[in-house]
Amino acid sequence: MYYKRVGDVPRKRHTWHRDGGGRRLHEELMGEEGFSGSSSLLYHLNSPSALVDIEPAEVEHAALSANLPLSPWHFRASKLDPGGDLVTRRKLLLANDTIRISWAEATSTNELLYRNAGGDELVFVQSGEAVLESVFGVLPASAGDYVLIPSSTTHRWVIPDGSVQALVVEAAGHVSIPDRYLTATGQMREGAPFCERDLRPPELPVVVDQSEAGPGEPVPVLVRTRAGWSKHTHAHHPFDVVGWDGCNYPFVFSIHDFEPIVGRIHQPPPVHQTFAGPGFVVCSFVPRLYDFDPDAVKVPYHHANVDSDEVLFYSAGDFMSRRGSGIGSCSISLHPAGFVHGPQPGSVEAAAGESRTDETAVMIDTFSPLLISEAARSVSDPDYPASWSREL
Ligand SMILES: [Fe+2]
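Reference entry: report on the structure contained in this document. (Residues numbered from 1 in each chain as written. Predicted model: local features only at pLDDT ≥ 70, side-chain atom pairs only at ≥ 80, totals over all residues. Heavy atoms only, no water.)

## Points about the overall build of the protein
Using the following cut-off: Helix and strand assignments follow DSSP, with helices taken as H or I runs no shorter than four residues and strands as E runs no shorter than two, numbered in order from the N terminus. Radius of gyration means the value over C-alpha atoms here, while the globule rule gives 2.2 Å times the residue count to the 0.38 power. Type-normalised accessible area, obtained with a 1.4 Å probe on protein chains alone, sets the label of each residue: buried when under 20%, exposed when over 50%, and partly exposed for intermediate values. Any two residues whose heavy atoms approach within 4.5 Å are treated as being in contact.
Counting secondary structure elements, the protein contains 2 helices and 28 strands. The C-alpha atoms of the protein give a radius of gyration of 22 Å, which matches the 21 Å a tight globule of 392 residues would have. Along the first, second and third principal axes, the C-alpha atoms of the protein reach 75 × 45 × 35 Å. Taking all 392 residues of the protein together, the buried fraction comes to 51%. Pairs at least 24 residues apart make up 76% of the contacts formed inside the protein by residues separated by at least 6 positions.

## Some remarks on the pairing of strand E24 (residues 309-316)
Spelled out, the test is: DSSP-based pairing: two strands are paired if at least 2 bridges between them are found.
Burial analysis of E24 places 7 of its 8 residues in the buried class, the great majority of the element. Taken together, the 7 bridges between E24 and strand E27 (residues 360-366) define a ladder with antiparallel strand orientation. Residue pairing across strands places Val311 opposite Ile364, the latter belonging to E27. As judged from the 4 bridges shared by E24 and strand E25 (residues 331-335), these two strands associate in the antiparallel manner. When the bridges of E25 are listed, Glu310 appears paired with His335.

## Structural notes on unusual backbone geometry
Here Leu68 and Pro69 are connected by a cis peptide whose omega angle stands at -10°. Tracing the backbone through its elements, the reader meets Pro69 in the loop between strand E5 (64-65) and strand E6 (73-76). Positive phi, normally seen in glycine, also occurs at Glu33, with a value near 55°. The backbone phi angle of Phe35 is positive, close to 65°, even though this residue is not glycine. Looking at the element boundaries, Phe35 is found in the loop between strand E2 (26-31) and strand E3 (39-44). Taking relative accessible area as the criterion, Phe35 reaches 56% and is therefore assigned exposed.

## Observations regarding the sheet that holds strand E22 (residues 280-285)
Using the following cut-off: A fitted line through C-alpha atoms serves as each axis, taken over the contacting stretch for helices, and the angle formed by two N-to-C directions is quoted from 0 to 180°.
Read across the open sheet, the 6 strands follow the order E6-E25-E24-E27-E22-E21; overall the sheet is antiparallel. In the strand order of this sheet, the two ends are held by E6 and strand E21 (273-277), each with one partner. On average, adjacent strands in this sheet sit at an angle of 15° to one another, irrespective of strand direction.

## What about the coordination of the iron ion?
Selection criterion: Note on donors: an N, O or S atom is included if it sits within 2.8 Å of the metal, or within 3.2 Å for Na, K and Ca, and water is never included, so sites can look incomplete. Angle rules define the geometry names used: all angles between 85 and 135 degrees makes four donors tetrahedral, while opposite donors over 155 degrees apart and all other angles between 65 and 115 make four donors square planar and six octahedral, leaving every other case irregular.
Within the first shell, the iron ion binds the protein through His303 (NE2), Glu310 (OE), Glu310 (OE) and His341 (NE2), at distances of 2.0 to 2.3 Å. Classification of the site at the iron ion as irregular follows from its 4 donor atoms and the range of 58 to 173° in their angles at the metal. When the donors of the iron ion are listed by position in the chain, the intervening gaps give H-x6-E-x30-H. The class of Glu310 is buried, set by a relative accessible area of 8%.

## Quick notes on the environment of Ala62
Position of Ala62 among the secondary structure elements: in the loop between strand E4 (51-56) and E5. Between the C-alpha atoms of Ala62 and Lys12, which are 50 residues apart in sequence, the distance is 47 Å.

## Quick notes on the side chain of Ser134
Secondary-structure assignment places Ser134 in strand E11 (residues 129-134). Given the relative accessible area of 1%, Ser134 is considered buried. Apart from the residues within four sequence positions on either side, Ser134 is in contact with Thr153, Thr154, His155, Val206, Phe239 and Pro250.

## Regarding the layout of surface pockets
Quick reminder of the rule: Cavity means a closed set of points on a 1 Å grid over the protein atoms alone, one where a 1.4 Å probe fits but cannot get out, pocket means an open set with protein on both sides within 12 Å along at least 5 of 7 lines, and lining means a residue has an atom within 4 Å of a point. Grid points are joined across faces, edges and corners, and a volume is the space filled by probe spheres set on the points. Classes in brief: Ala, Val, Leu, Ile, Met, Phe, Trp, Tyr, Cys and Pro nonpolar; Asp, Glu, Lys and Arg charged; the others, Gly included, polar.
Computed from the structure, the largest pocket encloses a volume of approximately 740 Å³. Lining the largest pocket are 34 residues, and of these His61, Leu92, Arg100, Glu170 and Arg224 lie nearest its centre. Residue assignment for the lining of the largest pocket shows that the elements contributing at least two residues are strand E7 (91-95), strand E8 (99-106), strand E15 (164-171), strand E17 (219-225), strand E18 (228-234), strand E28 (371-373) and helix H2 (374-378). Per-class residue counts for the lining of the largest pocket are 16 nonpolar, 9 polar and 9 charged.

## Looking at the sheet that holds E28
Across the sheet, which stays open at both edges, the 9 strands sit in the order E5-E28-E7-E8-E15-E10-E13-E20-E16 with antiparallel pairing between neighbours. Either end of the sheet is taken by a strand with one partner, and the two such strands are E5 and strand E16 (199-200). Alignment of E7 against E8, held across 4 bridges, turns out to be antiparallel. Bridged to Leu94 within E8 is Ile101.

## Focus on the side chain of Asp240
Spelled out, the test is: Lys and Arg are tallied as positive, Asp and Glu as negative. Neither His nor the chain termini are counted. Every case where a carboxyl oxygen of Asp or Glu lies within 4 Å of a side-chain nitrogen of Lys or Arg is listed as a salt bridge. We call two N or O atoms a polar contact when they sit within 3.5 Å, provided that within protein one can donate a hydrogen and the other can accept it, with sequence-adjacent residues counted only if both atoms are side-chain atoms.
Structurally, Asp240 is set in the loop between E18 and strand E19 (241-246). Buried Asp240, no salt bridge; nearest opposite-charge side chain is Arg23, N-O distance 7.1 Å. One polar contact links Asp240 to His44, side chain to side chain, over a distance of 2.7 Å. Not counting residues up to four positions away in its chain, the partners in contact with Asp240 are Tyr43, His44, Leu45, Asn46, Val206 and Val208.

Below, the structure written as C-alpha cells:
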C-alpha cells in the first residue's frame, strides 16, 4: 500500500506531540511482520493499552465437515437467514486453516466494536450501503466494493438503513495486492488491472474524546483470535486517534474499477487476480469483450486446477458458462480439486455469436481443501453435481 497521511501528526516520528490543549498524545506503531512489513503510526488522545476488564466471549460456532464424498456444490447464499450485524451474525460457509469464507445479510450496526487479531478481513459488498468506522477514520462502502481491513484494526460496521449483503473472507495472515502488479519500489505498474487512484482510503479520523465530557464509560471490544473470542473493556474509547500516517490502513476497491484484460483467444484466470492471501488468491470477473478470434471458444474450457478448491461468488449479470445449472445472483459454487469442471451443456454454442459478457463475479482459489459448514449444506442445490450431464 502507498503512503497516506490523515489528520494531525508530528513532523518527526517518535517525538513529543501535544494536542491544542497541551496534552501529550500517545503514539502507536501498528506494523506487520515484526515491524519489517507495512506499518502506520497512530496518535491517540489516551493510552490504547488501558484495559479495565478481560472476559471470554461467546459467538456462534459453526460445525464444519469434509467434502466427502468429493462433490461440486452450489450454495444459494441469499436463502440464509438475514439479520444481526456484519460480524457476529455472519454465516460461515467454507473454511480451512488459512481462510474462512462467510455470508452476511446484516440489518444492524455492530453493538460492540470489533478487532480481528487473527488476520486481515476482505469484505465484498454485494448490496446495500455501509460505513466502516475504524481507528483510521470513516470509509463508506456500497455494492461492488471490496473493503480490505488489516489485522487488528478496531472497527465497527454501521448500517444506516435497510440491509447489507456481503461475502466475507477472513484470512489467517495478510491480504495484499499481487507482487507482480508492483514495481520494485511498490508503485502499481502500467498494465496492472487497477492502480492507486482506484483505492479509497479513510479520509477523516473519527475522534471520540471522552475526556471533554469527563472520564466516560469503558468501551467493550470483541477480539477474535485464531483460538476464539474475548471481550476487552477499554478505559477509553479506541476511536480517539487525531491523526495517523503510513502504509497499513483499511481501503476500498470497487470491482467496477477492475480493468479486464482480454485477448484474441482465451486468457487464463491469473489475468483476473485482484488480491493475494496466505493460501489463496482472489480474482474479479467483470463485464468484458469476449475473445475475438473468429474460431475462439468464448467460454472457458474444461479445467482441472489440481492444487486448488475454486469458489465462485456470482454477483451480477448473465453467467454464460453456467447456463442451465440454476446459478444466479448470490449463488456460490465450489469446484474442488479432483473434479474437472467446465461449461455446462449448450454454453459453448450459446456464446458463439456473442461479443461480450456482462457477468460480475468474485473467485477465491484456495490451495488447501475447504471444509463445508452445516449452514452451507442447508442451502445447497442437490441437482448441481449432475448439471453437466443434463440434457437440454
Ligand atoms: Fe473454474
